[in-house]
Amino acid sequence: LRQKYLELIGGAADEAALEDLRVRAIGKKGEVSLAMRELGRMSPEERKEAGPRLNALKDEITSALAAKKAALEDAALDARLMTEWLDVTLPGRTRRAGTIHPISQVTEEVTAIFAGMGFAVAEGPQIESDWYNFDALNIPGHHPARAEMDTFYMARAEGDNRPPHVLRTHTSPVQIRHLEAHGAPCRIIAPGRVYRADYDQTHTPMFHQVEGLAIDRDISMANLKWVLEEFVKAFFEVDDVELRFRASHFPFTEPSAEVDIRCSWQGGTLKVGEGDDWLEILGSGMVHPKVLAAAKVDPDQWQGFAFGMGIDRIAMLKYGIPDLRAFFDADLRWLRHYGFAA
Ligand code: PHE
């Protein structure tokens, strides 16, 4: 009996088999238990000899079961450790961090440079009323500039009598809003998104401008020229940059000038400061008296300059990017190629 059970226990494959053996050996009707029951029918001499032997056998089987159970548990743990091992010498997996979009970076740079010249930051809504986007800026309803701007009009339900609204076509309405709220004198920039139905290599239907406005008693075009030159030098990190002021026309400035930067396209990339090409970066001029009046500022006492610069344009120039549309494709490979994403 002893031989048989110790061997069976030693060979048990799992805990279920062990339990089975326990029942067969020392369970109520197990072989050892039955043998113990026989003790009653034995002579005292026989019993004296068999009793301790059977008790010892029962103890031995009990501890053999326990030992085997512990051994099985160890083996199970070993097996698990083999499959769940971790190689701490493997190189870590890198996670790419998010980065600031190049246009946002450029907007921050522009803001910092103008802040250094004493310009505060103003903001206005992207959905703008007809009045602020056009009328107050001396662009009445019939004016061809409205058509030229390829304006996105907000849809209106029948019977909606609210004044017409547009996606602002420029940041100039912020001039009116700021002057209305704070009056003259003022020195602000207003960066933000603007919209026009236009799409090619250098135009996207949503783009970014930064408006500039300086109003005081005797501000002139000379101040405008100095401010723009200082800005361009700081932004492109050069001692000298060539700007071209072209006489132009805007309904909200008189006189008006458009400003270009000398550049060239070399093998698909854009170079600033050299070559025979010019990239227009802004429109500017002396704020029209009618615009001041519309913003409740007395044109007999105050005057100043305004400009509207394309943030995307100067970002293209700074980073040598020939196609503006790529800025808004959210293509990580492109962003990484130009170092804009990790
Ligand atoms: N608002 C003009 C545009 O979007 C730019 C501009 C701003 C011109 C201020 C003159 C003065 O083209």
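Nothing here was measured: the structure is a model prediction, and the numbers come from that model.

Another point: the packing of helix α1 (residues 2–11) against helix α4 (residues 44–83). One way to put it is that α1 packs onto α4 with a least axis distance of 10 Å and a crossing angle of 10 degrees. Relative to α4, α1 is oriented roughly parallel. Taken together, the residues of α4 that come into contact with α1 (itself represented by R2, Y5, L6, I9 and G10) are L57, E60, I61, A64, L65 and K68. Per-class residue counts for the contact of α1 with α4 are seven nonpolar, one polar and three charged.

Now for helix α11 (residues 311–319). For α11, the buried fraction is high: seven of the nine residues fall into the buried class. Immediately downstream of α11, the backbone of G320 shows phi near 65 degrees, a positive value.

Given two aromatic rings, their pairing is described by the distance between the two centres and the angle made by the two planes. Taken as a whole and assessed by the stated rule, the structure comprises 14 aromatic pairs. Aromatic side chains W334 and F340 sit 5.9 Å apart centroid to centroid with 45 degrees between the ring planes, which places their arrangement in the tilted category. We note that W334, like F340, is buried. Following the ring pairs from residue to residue traces out a cluster consisting of F114, F119, F231, F235, F236, F305 and F307. Its guanidinium or amino end placed over the ring of Y132, R177 lies 4.0 Å from that ring's centre, counting from NZ or CZ. Looking at R217, its charged tip hangs above the ring of W302, at a distance of 3.8 Å from the centre.

A word on the UniProt feature "binding site: Mg(2+)" (unreviewed entry) in the protein. When the UniProt feature table is mapped onto this chain numbering, "binding site: Mg(2+)" (unreviewed entry) sits at E254. Along the chain, E254 falls in strand β7 (residues 253–266). Discounting residues that sit within four places of it in the chain, E254 has contacts with M286 and H288.

The rules behind these values
- Residues numbered from 1 in each chain as written.
- Predicted model: local features only at pLDDT ≥ 70, side-chain atom pairs only at ≥ 80, totals over all residues.
- Heavy atoms only, no water.
- Axes fitted to C-alpha atoms, helices over the stretch in contact; angles between N-to-C directions.
- Helix = DSSP H or I, 4+ residues; strand = E, 2+ residues; numbered from the N terminus.
- Parallel < 35°, antiparallel > 145°, perpendicular 65-115°, else oblique.
- Contact = heavy atoms within 4.5 Å.
- Nonpolar A, V, L, I, M, F, W, Y, C, P; charged D, E, K, R; others polar.
- Buried < 20%, exposed > 50% of the residue type's maximum accessible area, 1.4 Å probe, protein only.
- Phe/Tyr/Trp six-rings, centres within 6.5 Å; stacked < 30°, edge-to-face > 60°.
- Lys NZ or Arg CZ within 6 Å of the ring centre and 35° of its normal.
- UniProt positions renumbered as here; feature names shortened; annotations may be inferred.

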